Amino acid sequence: MCSSDLPYSPCPGGLDKKLKFCCPELTGELEQIDRLIEGDQIAAALEQTQRLAAKHPGKACLMATQTKLELATRKFNEAAITSRRFLEAFPDNPLALGHAAVTDAVAGNIQESAARFDKAREACGAEVSEEFIRIAATLVQAGAQRSEEHTSELQSPCNLVC
């Protein structure tokens, strides 16, 4: 997100709306989270996102951000739970489908991951966001690591945050 243009930025939850139209009450807090991420304070950004998500349940922007930050901090089980909630709340959202594909890949469920990614790609239509490209790169990384190191742990998929 670009802080100066934040209200006019796309919703980080993939809702195909400008932030000021889907989550206007969270603009200031999301700007704060963005600054924490830019300052490489990922754990603090995650804590802030979790506090906001408890206060504002069901917000796509918070569920998407929380999933990304949980993945970046290697909290894979938590990321899977948040991702599933995101997908249950927004089953046709390409970003929710993409995040579920990543958490499936991290769990070693490559076939399920590929199927979800295909659904996400179809849901994107002609317009593919930078976020979706990062998800695709993360899935390629996960697939390559699984094929090279069957038993080793997956590296942190920081491509989602960086």
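Reading the values: rules and limits
Residues numbered from 1 in each chain as written. Predicted model: local features only at pLDDT ≥ 70, side-chain atom pairs only at ≥ 80, totals over all residues. Heavy atoms only, no water. Helix = DSSP H or I, 4+ residues; strand = E, 2+ residues; numbered from the N terminus. Contact = heavy atoms within 4.5 Å. Areas by Shrake-Rupley, 256 points an atom, 1.4 Å probe, with all protein chains shown as cover. Buried < 20%, exposed > 50% of the residue type's maximum accessible area, 1.4 Å probe, protein only. Expected span 1.5 Å × (residues − 1). Axes fitted to C-alpha atoms, helices over the stretch in contact; angles between N-to-C directions. Left-handed = near helix turned anticlockwise from the far one by under 90°. Nonpolar A, V, L, I, M, F, W, Y, C, P; charged D, E, K, R; others polar. Core = buried A, V, L, I, M, F, W, Y, C linked by side-chain atoms within 4.5 Å.

(A) Expanded view of the overall build of the protein. On a plain count of helices and strands, the protein comes out with 8 helices and 0 strands. Counting helices and strands in the order they occur from the N terminus, the protein gives α-α-α-α-α-α-α-α. When contacts within the protein are restricted to residue pairs at least 6 apart in sequence, those whose partners lie at least 24 apart make up 50%. On the protein, roughly 8400 Å² of surface is accessible, and the fraction owed to carbon and sulfur atoms is 52%.

(B) Spatial organisation of the environment of Gln111. Tracing the chain through its elements places Gln111 in helix 7 (residues 110-124). Between the C-alpha atom of Gln111 and that of Ala101, which follows or precedes it by 10 residues, the distance is 9.5 Å.

(C) Representation of unusual backbone geometry. Here the phi dihedral of Asp16 falls at roughly 65 degrees; this positive angle occurs in a residue that is not glycine. With respect to the secondary-structure elements, Asp16 resides in the segment before helix 1 (19-22). Under the relative-accessibility criterion, Asp16 is labelled exposed at 79%. The backbone phi angle of Asp40 is positive, close to 60 degrees, even though this residue is not glycine. Structurally, Asp40 can be placed in the loop between helix 2 (27-38) and helix 3 (42-55). For Asp40, a relative accessible area of 63% puts it in the exposed group.

(D) Looking closely at helix 3. Here helix 3 spans 20 Å end to end across 14 residues, near enough to the 20 Å set by a 1.5 Å rise per residue. Looking at the buried residues of helix 3, the elements they touch are helix 2 and helix 4 (60-72).

(E) Inspection of the packing of helix 3 against helix 4 at higher detail. For the pair helix 3 and helix 4, the least separation of the axes is 9 Å and the interaxial angle reads 145 degrees. With respect to the hand of their crossing, helix 3 and helix 4 are arranged in left-handed fashion. Residue-level contacts link Ile42, Ala45, Leu46, Thr49, Gln50, Leu52 and Ala53 of helix 3 to Leu62, Thr65, Gln66, Leu69, Glu70 and Ala72 of helix 4. Across the contact of helix 3 with helix 4, the residue classes tally to 8 nonpolar, 4 polar and 1 charged.

(F) Up close: the nonpolar core. With 23 residues, the main nonpolar core has Leu71, Phe86, Val102, Phe117, Ile135 and Leu139 as its most contacted residues. Secondary structure elements with two or more residues in this core: helix 4, helix 5 (76-89), helix 6 (94-106), helix 7 and helix 8 (130-148). In terms of residue count, the dominant contributor to this core is helix 6 (8 residues). In this view, Leu139 contacts Ala101, Val102, Ala105, Ser113 and Phe117; residues no more than four positions away in its chain are not counted. If you look at the next biggest cluster of nonpolar residues, it comprises 17 residues, including Cys22, Cys23, Leu26 and Leu62.

(G) Region of the structure containing the side chain of Thr67. Residue placement: Thr67 occurs in helix 4. The exposure class assigned to Thr67 is buried, which follows from its relative accessible area of 0%. If we skip the residues at most four places from it in the chain, Thr67 touches Ala79, Thr82, Ser83 and His99.

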